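Structural features, examined
What follows is the residue order along each chain.
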Amino acid sequence: MSDLAWFLVAAVVKSIIAIVALLTAFAYMTLIERRVIARFQRRVGPNRAGPFGVFQPLADAIKMAFKEHILPAKASSFVFLMAPAISVFVALTAFAVVPLGGPTPWGTSAIARAWAPYIADLNVGILYILSISSLAVYGIVLAGWSSGNHYSLLGALRSAAQMVSYEVSIGLALAGVLMFAGTLSMVGIVEAQVHQGIWFILAQPLGFFLYAIAAIAEVNRAPFDLPEAEQELVAGYLTEFSGLRWSLFQMAEYINMITASSVLATLFFGGWTLGALNGVLGAPFIWYFIKVAFFLFVFIWLRATLPRIRYDQLMRFGWQVLLPLSVVNALVTAAVVAFGLSWWVSGLFGLAVLVIAVGVYYLRARRRTAGQMELARLDFGTPNATVSVGVALPSSVRLVSLPAANGAVDSAAEKGEPVVVG
Amino acid sequence: MPEYVPALILMGLAFLFAVAVMLATFVLGPKRPTHEKLAPYECGIEEVEAPRQRFPVKYLVTGMLFIIFDVEAASVIPLAILMRQLKVMGLVELLIFAFILIVPLVYVWRKGAFTWE
């Protein structure tokens, strides 16, 4: 066969492998997530179907396929059916440029290169991922709009506003890495890290955290899973979906998580490169797999640890914290690259900003807690054991108790006690 | 542009997969629709007003801000790639660019576009 034919055959086979692998990874991510979250909560998790519950994803898939697929009477049916398909199509497509290994693991001939362990090495690689994954918002908005349900529409609107707000920061947060790498190609970025002898996390700690936070918000994972805030919006845009149509949205969410983890591993942690062990067959892939698995675990860990944040906090955080910080990061990195300074200059700067940001957050949280504790004291007299432990009252409780607090302020002023109104 | 062909092939296969699953949903599973089952989920109460009514203008503001800032952020990327070659000239351009980015950000911030009640 000619080289061109081999090239096409390789592309088709690799695409099929990628789709099957992503679907399997999705199925087992659901199991791993349930097991890990169960461990976090001192439960066992699903362990009945097969040893350690390994057949649970299979059982879930079969159950989902044979559920009744409801088409609500008020839904606009074509859009309603297209929305899950768009979501999963976008999620699968974005994976095309993720490199699981170097361009020449099997040799340097044209046929060997056609079988390189990535589907395409585009010279606009990272831009391709950003642009394709930003199409994901269409699936969600169309799903919410077409359902003919208030909760779905509100969930979709929230999700759209959230995703577009964090997308701005994603582009700017990656600008720092791109300045160091000087290329958009994913393979090229990994090779630039080998060439410069560092992982870009060392030069771009701030960029890493900005991108990681924005990516979590972009894939709608906890603590940014506002579209699915069940106590407010039932299941958000998913409310009217059932069976396999619902599974497609879950599939898209997990595949997007895998892609985001791959981008983190490739751009900031050197991708597949393993130095001297690069030549060992399979070793670079396993090394890469470990990195991606670690970030996937962090996704689950965050979901188990952090409570969902409020919508106004979410929007303020995206525009007023992430966006200015990513502009600052891009400017400082540009200065470092333009003046030819060493990578540790921007690395130290990033660390300093991170320390300051965490410090400011800590002090503000302490001040808020102190003010609320003072209010609680004014309301209830001497702080009781629960309050003095440091449990901050939520703002809704504070609003309700303000009139009482004012009364208490007067009586406290009469007795000459210090008065604090938070 | 031969390197785009494999990506297009993946796109085509992903599209086929998505459509196949959506078609399968018509075949698989029982079909026993009732009036209640097809009604919009409203936590058990009768629907009071139709959805797809007007929604808060804040979402529109956010959408417009996104278009402005995302186009600007996308324009930074070519500059970022060439930063090593452009040296100080590139830095100056980026500073001008960041200035243009930050002034509207401060303006909409002061106007309260990021304050959600």
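Note that this is a predicted model, so its numbers are computed, not measured. (Residues numbered from 1 in each chain as written. Chains lettered and ligands numbered in written order. Predicted model: local features only at pLDDT ≥ 70, side-chain atom pairs only at ≥ 80, totals over all residues. Heavy atoms only, no water.)

Tallying secondary structure elements over chain B gives 4 helices and 0 strands in all. Taken from N to C terminus, the helices and strands of chain B fall in the order α-α-α-α. For chain B, whose C-alpha radius of gyration is 25 Å, the value lies well above the compact-globule estimate of 13 Å for 117 residues. The principal-axis extents of the C-alpha atoms in chain B amount to approximately 70 × 50 × 15 Å. For chain B, with 117 residues in total, the buried portion stands at 30%. When contacts within chain B are restricted to residue pairs at least 6 apart in sequence, long-range pairs at least 24 apart make up 53% of them. Accessible surface computed for chain B: about 7600 Å², of which carbon and sulfur atoms make up 72%. (Helix = DSSP H or I, 4+ residues; strand = E, 2+ residues; numbered from the N terminus. Rg over C-alpha atoms; globule rule 2.2 N^0.38 Å. Buried < 20%, exposed > 50% of the residue type's maximum accessible area, 1.4 Å probe, protein only. Contact = heavy atoms within 4.5 Å. Areas by Shrake-Rupley, 256 points an atom, 1.4 Å probe, with all protein chains shown as cover.)

Contact with chain B, which involves 63 residues of that partner, is made by 84 residues of chain A. For the pair chain B and chain A, the summed buried area comes to about 6600 Å², and 76% of that belongs to carbon and sulfur atoms. The interface formed by chain B and chain A holds 0 salt bridges in total. The tally of links between chain B and chain A comes to 5 residue pairs in polar contact (both at pLDDT 80 or more). Elements that contribute at least two residues to the side of chain B that touches chain A include exactly helix 1 (4-27), helix 2 (35-38), helix 3 (57-81) and helix 4 (83-111) of chain B. It is helix 1 of chain B that contributes the most residues to the side of chain B that touches chain A, 16 residues altogether. Of the residues that constitute the side of chain B that touches chain A, the class distribution is 48 nonpolar, 4 polar and 11 charged. (Buried area = accessible area lost by both parts, 1.4 Å probe. Salt bridge = Lys/Arg side-chain N within 4 Å of Asp/Glu carboxyl O. Polar contact = N/O pair within 3.5 Å; in protein donor to acceptor, adjacent residues only side chain to side chain. Nonpolar A, V, L, I, M, F, W, Y, C, P; charged D, E, K, R; others polar.)

A word on the confidence of the model for chain A. Low pLDDT marks stretches whose predicted atomic positions should not be read closely. Residue and element names in this part refer to chain A. Mean pLDDT over chain A works out to 81, with 87% of the residues at or above the 70 mark. Contacts for the low-pLDDT stretch residues 383-390, under 50 throughout, to residues beyond four places or in other chains number 8 contacts. For the stretch residues 398-410, pLDDT sits under 50, and the model shows 10 contacts to residues farther than four places along the chain or on other chains. (pLDDT = per-residue confidence, 0-100.)

Moving on to unusual backbone geometry. Excluding glycine, most residues fall at negative phi; most peptide bonds, likewise, are trans. Residues and elements named next belong to chain A. The phi torsion at phenylalanine 52 lies on the positive side, around 55°, for a residue other than glycine. Here asparagine 220, not a glycine, exhibits a phi torsion of approximately 60°, which is positive. The topology assignment puts asparagine 220 in the loop between helix 10 (205-218) and helix 11 (230-233). Since its relative accessible area comes to 4%, asparagine 220 is described here as buried.

Our next topic: the packing of helix 5 (residues 125-134) of chain A against helix 7 (residues 150-181) of chain A. Residues and elements named next belong to chain A. Closest axis-to-axis distance for the helix 5/helix 7 pair is 12 Å, and the angle between their directions is 170°. As the angle between them shows, helix 5 and helix 7 are arranged roughly antiparallel. Of the residues in helix 7, those touching helix 5 at Ile126, Leu130 and Ser134 are Glu167, Ile170, Gly171, Leu174 and Leu178. Its residues assigned to classes, the contact of helix 5 with helix 7 shows 5 nonpolar, 2 polar and 1 charged. (Axes fitted to C-alpha atoms, helices over the stretch in contact; angles between N-to-C directions. Parallel < 35°, antiparallel > 145°, perpendicular 65-115°, else oblique.)

Turning our eyes to something else, we now look at the nonpolar core. Soluble globular proteins tend to bury their nonpolar side chains together. Within the largest apolar cluster, 146 residues are counted, with the highest numbers of intra-cluster contacts made by Met179, Tyr211, Leu267, Phe268 and Trp319 of chain A. The greatest single-element share of this core, amounting to 19 residues, is contributed by helix 7 of chain A. (Core = buried A, V, L, I, M, F, W, Y, C linked by side-chain atoms within 4.5 Å.)

Quick look at a nonpolar patch on the surface now. A cluster of nonpolar side chains, Phe339 and Leu341 of chain A together with Val88, Val92, Ile96, Phe99, Ile100 and Val103 of chain B, forms an exposed patch at the surface whose accessible area comes to about 750 Å². Structurally, valine 92 of chain B is set in helix 4. According to the relative accessible area criterion, valine 92 of chain B is partly exposed, its value standing at 37%. (Patch = residues over 30% accessible without salt bridge, like charges linked within 9 Å, V, L, I, M, F, W, Y side chains within 5 Å.)

All names here are of chain A. Tallying each qualifying case throughout the model produces 20 aromatic pairs over all chains. Seen in terms of ring centroids, phenylalanine 208 and phenylalanine 269 are 5.5 Å apart; in terms of plane orientation they differ by 75°. Their pairing is edge-to-face. In this pair, phenylalanine 208 sits in helix 10 while phenylalanine 269 sits in the loop between helix 12 (243-268) and helix 13 (283-305), placing the two residues 61 residues apart along the sequence. Classification of phenylalanine 208 as buried rests on a relative accessible area of 10%. Relative accessible area serves as the criterion here: at 18%, phenylalanine 269 is assigned to the buried category. (Phe/Tyr/Trp six-rings, centres within 6.5 Å; stacked < 30°, edge-to-face > 60°.)

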